[in-house]
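Spelled out from the first residue to the last, the chains are:
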Amino acid sequence: MEVKEKLKNYFEGEADVMQLRFKHSSTTSHPNDVGSNREDILIDFFNRHLPHKFKAIRGGKIFDSNGNASKQVDVVIYDNNIPRLASYQQTLYLAEGVATAIEIKPNLTKDELVKAIENLKSIKSLTKESSGTIMIGDFKKDIYCGIFSFETSLSFKSILEEIDKKIKNEKILDFIVVNNKYLILRNNGEWKIVNEETN
């Protein structure tokens, strides 16, 4: 078996496990517990696969050196070398330490897509100082922002149409993942779609 096929089988298995955990997460009766359980599914996946320099953490608010703050975000991938301010109620993250911000949606509808875009817009407006230590991709300039959903009835075409309607060419969204269905990735300003049929 070639390495590419092994990797494909591995991550397909991971996606199946995540989907099973998502179904189990719905059995709790408290809405806050359901949300936390779903965030934990993605956090666990990232922390088993990310380089040790980074850690996926349940979200909070992100602020920059100009005093601007984002709206609440579900999950952040953070540089372990950068301090964060944690309390029992909320965690505050320095923009320089945030590599990625992710909104999690159990079911991605058009309304939920719009809500996620509004949240992520508040993150993309933050300033990251170029003296930061993050060295992956373009993270020095900008926080990578995306949406992860466990389910959707939307086609990727209708999602792209909604994105075009709401933000056009604004660099707000970098990726959308619908587990076990498709990945929509912005690459050099163009959207690239990967789904089960194209793998």
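Reading the values: rules and limits
Residues numbered from 1 in each chain as written. Predicted model: local features only at pLDDT ≥ 70, side-chain atom pairs only at ≥ 80, totals over all residues. Heavy atoms only, no water. Pairing = 2+ DSSP bridges. Helix = DSSP H or I, 4+ residues; strand = E, 2+ residues; numbered from the N terminus. Axes fitted to C-alpha atoms, helices over the stretch in contact; angles between N-to-C directions. Parallel < 35°, antiparallel > 145°, perpendicular 65-115°, else oblique. Left-handed = near helix turned anticlockwise from the far one by under 90°. Contact = heavy atoms within 4.5 Å. Nonpolar A, V, L, I, M, F, W, Y, C, P; charged D, E, K, R; others polar. Phe/Tyr/Trp six-rings, centres within 6.5 Å; stacked < 30°, edge-to-face > 60°. Buried < 20%, exposed > 50% of the residue type's maximum accessible area, 1.4 Å probe, protein only. Expected span 1.5 Å × (residues − 1).

S.K.: Please give an account of the sheet that holds strand β4 (residues 84–86) that cites residues and values.
M.R.: The pairing of strands in a sheet happens through backbone hydrogen bonds and is either parallel or antiparallel. With respect to topology, three strands assemble into an open sheet ordered β2-β5-β4, the strand pairing being mixed. Looking at strand neighbours, the two that pair on one side only are β2 (61–63) and β4, the edges of this open sheet. Across the sheet, the mean angle separating the axes of adjacent strands is 20° when strand polarity is ignored. Here three bridges tie β4 to strand β5 (residues 91–94), and the two strands are oriented antiparallel to one another. The residue of β5 that forms the bridge with R84 is Y93.

S.K.: Now, about the packing of helix α3 (residues 110–124) against helix α4 (residues 156–166): what can you tell me, with residues and values included?
M.R.: Contact pair α3 / α4: the axes reach a minimum separation of 11 Å and the direction vectors enclose 45°. In terms of orientation, α3 and α4 fall into the oblique class. Judged by the sense of rotation from one axis to the other, the crossing of α3 with α4 is right-handed. Here K110, L113, V114 and I117 of α3 lie close against α4, whose contacting residues are I159, E162, I163 and K166. For the contact of α3 with α4, the residue count by class is five nonpolar, no polar and three charged.

S.K.: Talk me through the packing of aromatic side chains; I want residue IDs and the actual numbers.
M.R.: Scanning all chains against the criterion turns up eight aromatic pairs. For the pair Y10 and F11, a centre-to-centre distance of 4.9 Å together with 85° between the ring planes defines the contact as edge-to-face. Measuring from centroid to centroid gives 5.1 Å for F148 and F150, while their planes differ by 80°, and the two rings are edge-to-face. Residue F150 is classed as buried on the basis of its relative accessible area, which comes to 2%. Through a chain of ring-to-ring contacts, three or more aromatic side chains come together here, namely Y10, F11, F45 and F46.

S.K.: Describe in detail the environment of I184, supporting the description with residues and values.
M.R.: Considering the arrangement of structural elements, one finds I184 in strand β9 (residues 182–187). Distance in space between the C-alpha atoms of I184 and F156 is 7.5 Å, their sequence separation being 28 residues. If we ignore the near neighbours within four places in the chain, the residues touching I184 are F156, I159, L160, D174, F175, I176, W191, K192 and I193.

S.K.: Describe α3, listing the residues and the values that go with them.
M.R.: Residue pairs spaced three or four apart in an α-helix point in one direction, given the helix's 3.6 residues per turn. Compared with an ideal rise of 1.5 Å per residue, which puts 15 residues at 21 Å, α3 spans 21 Å between its outermost C-alpha atoms and is within 8% of the ideal. Looking at α3, one finds that the buried residues are L113, A116, I117, N119, L120, S122, I123 and K124. Each element contacted by the buried residues of α3 is listed here: β2, β6 (98–107), β7 (144–151), α4 and β8 (175–178).

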